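Single-letter residue listing:
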Amino acid sequence: MAPVQVRGTVLTVRRVDAYVAMTVVAPAIATRFRPGQFLAVAVGGPASSMLARRTFSVHDVRPDHGGTVEFVFPAREPGAQWLADCRARDVLDVVGPLGRPFPVPRDPASCLLLGVGPGAAPLFALASRLAERNCPTDFLLGAESADRVFGALTARRTGRSAVITTTDGSLGSRGSVTDLLPTVVAQARTDVIYASAPLSVLRPVCALAARYAIPVQALVAEPPMTCGTGLCMGCVLPAVGKDGITRMVRACVDGPVFRGDQVRWDDVGTIPFDALGAPGWKPRPGPGGAASEERTHAG
Amino acid sequence: MPADLRTKIGHLDLPSPILTAAGCAGTGRELAQFTDVARIGAVTTMSVTLEPRAGNPAPRLAETPSGLLSAAGLQSPGVDGFLRRDLPWLLSRGARAVVSVAGHTAREYGELATRLSDAAGVTAIEVNLGCPDAAASGRPFALDPGAAGQVVAAVRGSARYDIPVFAKLSPEAGDIVSIAQACVTAGADGLSMINTLPGMVIDPVSLRPALAGHAGGLSGPAIRPIAVRCVWQVREALPDVPIIGTGGVRTGRDALEFLLAGAKLVAVGTVLFHDPSACARIQRELEEELAARGVDRVTDIVGRAHQSAGYAAERRGWV
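Just so we're clear, the structure is a prediction, and the values are computed from it rather than from any experiment. Positions within a chain are numbered from 1, following the residues in the order the chain's sequence is written. Lettering of chains starts at A and numbering of ligands starts at 1, both following the order in which they are written. The predicted origin of the model limits local features to residues at a pLDDT of at least 70 and limits the giving and counting of side-chain atom pairs to 80 or more, whereas totals for whole chains, interfaces and linings rest on all residues.

**Observations concerning the overall build of chain B**
At step 1: For the purposes of this entry, the term helix denotes a DSSP run of H or I that reaches at least four residues, the term strand denotes a run of E that reaches at least two, and both are numbered from the N terminus. For chain B, the count of helices and strands is ten helices and 16 strands.
At step 2: For chain B, whose C-alpha radius of gyration is 19 Å, the value lies close to the compact-globule estimate of 20 Å for 319 residues.
At step 3: Oriented by its inertia axes, the alpha-carbon framework of chain B measures out at about 55 × 50 × 40 Å.
At step 4: Buried positions account for 61% of the 319 residues belonging to chain B.
At step 5: This entry defines residue contacts through backbone-placed C-beta atoms, with two residues in contact when those atoms are within 7 Å. Contacts in chain B between residues at least 24 apart in sequence constitute 71% of all its contacts with a sequence separation of at least 6. The globule rule used for comparison is 2.2 Å times the number of residues to the exponent 0.38, while the radius of gyration itself is calculated over C-alpha atoms. Counts of 20 or more other C-beta atoms within 10 Å of a residue's own C-beta define buried residues, counts of 12 or fewer define exposed ones, and intermediate counts define partly exposed ones; C-beta atoms are placed from the backbone.

**Considerations on the overall build of chain A**
At step 1: Of regular secondary structure, chain A possesses six helices and 15 strands.
At step 2: Expected size for 299 residues packed as a compact globule is a radius of gyration near 19 Å; at 19 Å, chain A falls within 12% of this value.
At step 3: When the backbone C-alpha atoms are referred to their principal axes, chain A occupies close to 60 × 50 × 35 Å.
At step 4: Burial statistics for chain A: of 299 residues in total, 51% are counted as buried.
At step 5: Taking all contacts inside chain A whose residues are at least 6 apart in sequence as the whole, residues at least 24 apart take part in 66%.

**Looking at the interface of chain A and chain B**
At step 1: At the junction of the two partners, chain A supplies 34 residues and chain B supplies 37 residues.
At step 2: Any residue outside Ala, Val, Leu, Ile, Met, Phe, Trp, Tyr, Cys, Pro, Asp, Glu, Lys and Arg is labelled polar, Gly included; the first ten of those are nonpolar and the last four are charged. The class makeup of the residues in the side of chain A that touches chain B is 22 nonpolar, eleven polar and one charged.

**Side note on the sheet that holds strand β8 (residues 137–143) of chain A**
All names here are of chain A.
At step 1: Should DSSP find at least two bridges between two strands, the strands are taken to pair. A sheet is described by the order of its strands in space; here seven strands give the open sequence β10-β9-β8-β7-β11-β12-β15, paired in mixed fashion. Two strands bound the open sheet, and with one partner strand each, they are β10 (173–174) and β15 (257–259).
At step 2: Sheet analysis places strand β9 (residues 161–166) next to β10, joined by two bridges and oriented parallel. Its bridge partner being in β10, Thr165 is matched across the sheet by Ser173.
At step 3: In this description, a line fitted to the C-alpha atoms serves as the axis of each element, helices being fitted only across the stretch in contact, and the angle between N-to-C directions of two axes falls anywhere from 0 to 180 degrees. Where helix α6 (residues 199–212) meets the sheet, its contacts fall on β7 (111–116), β11 (192–197) and β12 (216–220), and the angle it forms with β12 comes to roughly 170°.

**Things to note about the sheet that holds strand β8 (residues 122–128) of chain B**
Pairing between the strands of a sheet is mediated by backbone hydrogen bonds and can be parallel or antiparallel.
Residue and element names in this part refer to chain B.
At step 1: The parallel open sheet is built from eight strands, whose spatial order is β3-β16-β15-β10-β9-β8-β7-β4. Of all the strands in the sheet, just β3 (18–20) and β4 (43–44) have a single pairing partner and so form its edges.
At step 2: With respect to the sheet, helix α6 (residues 224–237) is in contact with β10 (190–193) and β15 (243–246), its orientation differing from that of β15 by roughly 165°.

**A look at the environment of Arg60 of chain B**
At step 1: Tracing the chain through its elements places Arg60 of chain B in the loop between β4 and β5 (61–64).
At step 2: Distance from Arg60 of chain B to Gly73 of chain B, taken between C-alpha atoms, is 8.3 Å for residues 13 residues apart in sequence.

**Here we look at the pairing of strand β5 (residues 68–73) of chain A**
All names here are of chain A.
At step 1: Among the six residues of β5, six are classified as buried, and the element is accordingly described as predominantly covered.
At step 2: Judged by which residues are buried, β5 turns out to be covered on both faces: Thr68, Glu70 and Val72 on one side and Val69, Phe71 and Phe73 on the other are all buried.
At step 3: Pairing geometry for strand β2 (residues 19–25) and β5, over six bridges, is antiparallel. Counterpart to Met22 in the pairing with β5 is Phe71.
At step 4: For strand β4 (residues 54–62) and β5, the ladder comprises four bridges, and the chain directions are antiparallel. Residue pairing in the sheet places Arg62 in a bridge with Thr68 of β5.
At step 5: What sits between β4 and β5 in their antiparallel hairpin is a turn of five residues, with His65 showing a positive phi close to 60°.

**Thoughts on the domain arrangement of chain A**
Residues and elements named next belong to chain A.
At step 1: Domain delimitation in this document rests on an assignment produced automatically or drawn from a domain database. Looking at the assigned domains, one finds that chain A contains domain 1 (4–98) and domain 2 (111–220).
At step 2: When each unit is reduced to the centre of its C-alpha atoms, the spacing between domain 1 and domain 2 is 24 Å.
At step 3: Taken together, the 13 residues of domain 1 in the interface contact eleven residues of domain 2.
At step 4: Residue assignment for the side of domain 1 that touches domain 2 shows that the elements contributing at least two residues are β4 and β5.
At step 5: Looking at which element gives the most residues to the side of domain 1 that touches domain 2, the answer is β4, with five residues.

**Focus on unusual backbone geometry**
Residues and elements named next belong to chain A.
At step 1: The omega angle of the peptide bond from Gly96 to Pro97 is -10°, so this bond is cis rather than trans.
At step 2: Residue position: Pro97 is located in strand β6 (residues 91–98).
At step 3: One non-glycine residue, His65, lies in the positive phi region at around 60°.
At step 4: Relative to the helices and strands, His65 is located in the loop between β4 and β5.
At step 5: Backbone geometry places Arg89, a non-glycine residue, at a positive phi of 80°.
At step 6: Mapped onto the elements, Arg89 comes out in the loop between α2 (78–84) and β6.
At step 7: The exposed category is assigned to Arg89, around which 9 C-beta atoms lie within 10 Å.

**Quick look at helix α9 (residues 278–292) of chain B**
Residues and elements named next belong to chain B.
At step 1: Multiplying 1.5 Å by the residue count of a helix minus one yields the expected span of that helix. Along its 15 residues, α9 runs 21 Å from first to last C-alpha, staying within 8% of the 21 Å computed at 1.5 Å per residue.
At step 2: Turning to α9, its buried residues are Ala278, Cys279, Ile282, Gln283, Leu286, Glu289 and Leu290. Projected down its long axis, α9 carries its buried residues within an arc of 135°, all on one side.
At step 3: Buried residues along α9 sit in contact with β3, α7 (252–261), β16 (265–268) and α8 (271–274). Working note: the arc is built from the helix axis to C-beta atom directions.

**Brief notes about the packing of helix α5 (residues 176–185) of chain B against α6 of chain B**
All names here are of chain B.
At step 1: Two elements in contact, α5 and α6, have axes separated by 9 Å at closest approach and are oriented at 55°. By the criterion of interaxial angle, the relationship of α5 to α6 is oblique. Where α5 crosses over α6, the handedness of that crossing is right-handed. In contact with Ile176, Val177, Ala180 and Gln181 of α5, α6 contributes Cys230, Gln233, Val234 and Ala237.
At step 2: The residue makeup of the contact of α5 with α6, split by class, is six nonpolar, two polar and no charged. Angle categories: roughly parallel below 35 degrees, roughly antiparallel above 145, roughly perpendicular from 65 to 115, and oblique for all the rest. Throughout, a crossing is termed right-handed when the near helix is turned clockwise from the far one, and left-handed when it is turned anticlockwise from it by less than a right angle.

**Quick notes on the environment of Arg160 of chain A**
Residue and element names in this part refer to chain A.
At step 1: If you trace the backbone, Arg160 turns up in the loop between α4 (152–158) and β9.
At step 2: For Arg160, a count of 12 C-beta atoms within 10 Å corresponds to the exposed category.
At step 3: Separated by 61 residues in the primary sequence, Arg160 and Ala221 place their C-alpha atoms 26 Å from one another.
At step 4: When residues no more than four places from it in sequence are discounted, the contact partners of Arg160 are Pro136, Thr137 and Asp138.

Structure representation (structure tokens):
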């Protein structure tokens with residue numbers, strides 16, 4: 001369903017370990033939302049000097065007050081800090097829900113939900129949706145340290161299994177999610193992986209999953225989005241379409257959830273030489289120059 | 001009573017002087033989710049090139065105080081893709097399409113104008129002169145009166161007679177008036193200003209330029225006073241040439257400022273990334289600003305700031 005731009009009233013702002021969790025009353029967004037979609041929030045007030053919207057995956061929607069949406073973020077940069085300083089009853093300009101949601105299996109399948117840091121936030125709405133479809137869910141969560149692991153308790157409570165890993169060993173086992181992925185996949189007999197993590201993690205996760213022939217639905221957090229609505233053409237990454245042609249697609253419109261085998265992970269941040277319209281690219285001779293015809297349809 | 005926003009440029013009738021600026025409205029579809037594209041003056045498309053272009057790698061944008069630095073590198077579906085997918089969609093929604101064109105030689109621009117003239121429904125052509133000139137080792141066309149004139153002449157010579165051609169000027173040109181004069185002499189029906197200003201942001205974490213393309217173009221409210229000055233200077237020199245004013249327009253009052261400086265049309269750009277419904281809001285605010293000053297028709301106020309202070313005082317009520 002099409003996204004909407006609303007003025008949403010802040011219901012709560014609270015600290016959750018190293019993050020800030022913010023709940024905003026936005027019935028029109030809450031009713032349209034599907035897991036994996038995100039919000040684009042204007043920061044700094046109406047005459048703000050910060051023109052880029054801040055984009056956040058929706059963590060949860062609840063029916064109270066007509067419908068609320070919650071998102072989670074680290075208050076690291078000035079825009080996020082401004083949001084963290086908002087109080088209940090402040091009004092925010094919010095656009096959403098945006099982007100392609102996680103596709104869910106039609107029949108029960110064993111799903112592994114892999115999240116790193118605040119990237120774990122969108123996985124919990126997905127987990128409830130998978131539960132409705134009778135899909136068993138296993139969690140594999142990671143971060144640098146214990147206070148940066150998001151949702152460990154919820155994962156333990158709602159998942160069939162939950163494995164936590166931290167770089168410094170302060171929670172769960174010491175190491176990274178990629179170290180533990182093969183073990184977890186084997187034990188859980190995983191059919192599908194849902195991953196939400198930085199590119200540096202998604203790349204090896206998709207490579208490993210390809211080796212085991214397990215499909216991955218990957219939610220990308222980079223490149224950073226400026227508008228979130230597809231207008232600015234800023235968040236492009238190279239993805240292979242159904243026709244086998246690589247195009248520079250926008251993470252905000254064609255994503256943020258991509259099939260793992262569609263994104264050319266090793267080429268993110270570049271224009272691959274064979275991408276449509278790359279320097280030196282020549283249209284292929286063929287009926288009607290079909291090369292430019294089809295858009296990438298993820299999934 | 002709200003003021004009448006209808007604006008006429010040559011034989012073109014537009015319902016409003018508010019347009020989108022080139023490269024800031026996506027394909028139109030993204031914007032249409034938030035604004036009725038038929039109700040704004042026109043949608044200016046992203047620059048169309050002859051062949052598809054992948055553009056620059058990410059990151060392409062960086063936030064600056066009241067602005068954005070961008071180097072998208074003219075990602076474009078190519079003229080074939082544009083005519084097959086994007087233009088028909090805009091027309092099906094009742095939008096008027098001002099098509100921005102970009103190339104590296106005057107011939108490329110001319111060919112684009114021919115292709116666009118063969119298709120039905122192009123409202124106007126805006127010539128993006130900010131592209132590097134292959135014949136002048138990459139200097140933008142907009143910096144040289146001769147090169148700019150050649151491109152405009154190529155477009156005007158190839159475009160159908162009833163499609164107005166606007167030349168988009170750069171504030172980087174030392175003397176913007178001489179470039180404006182060269183474009184008008186070469187046949188431009190109107191001028192559009194300003195394009196972005198070159199700038200750079202260095203990322204304190206990576207210790208490298210923040211954009212993959214290193215330098216980028218600065219846009220947004222940060223450059224608005226520069227844009228207003230350019231519009232003023234060109235209006236002063238060429239009072240009869242229609243001008244599209246653009247650069248950091250955020251509110252109806254900002255649009256009013258451009259109209260007063262001499263722009264007949266005002267394009268909203270970077271602010272759309274911040275507020276995708278900005279065009280409709282600015283139109284509404286402009287109506288209110290005009291009504292508050294007792295102005296019935298928006299066309300009455302164009303170039304008003306050029307009238308002497310004495311005359312303005314005589315006409316009391318101007319805030």
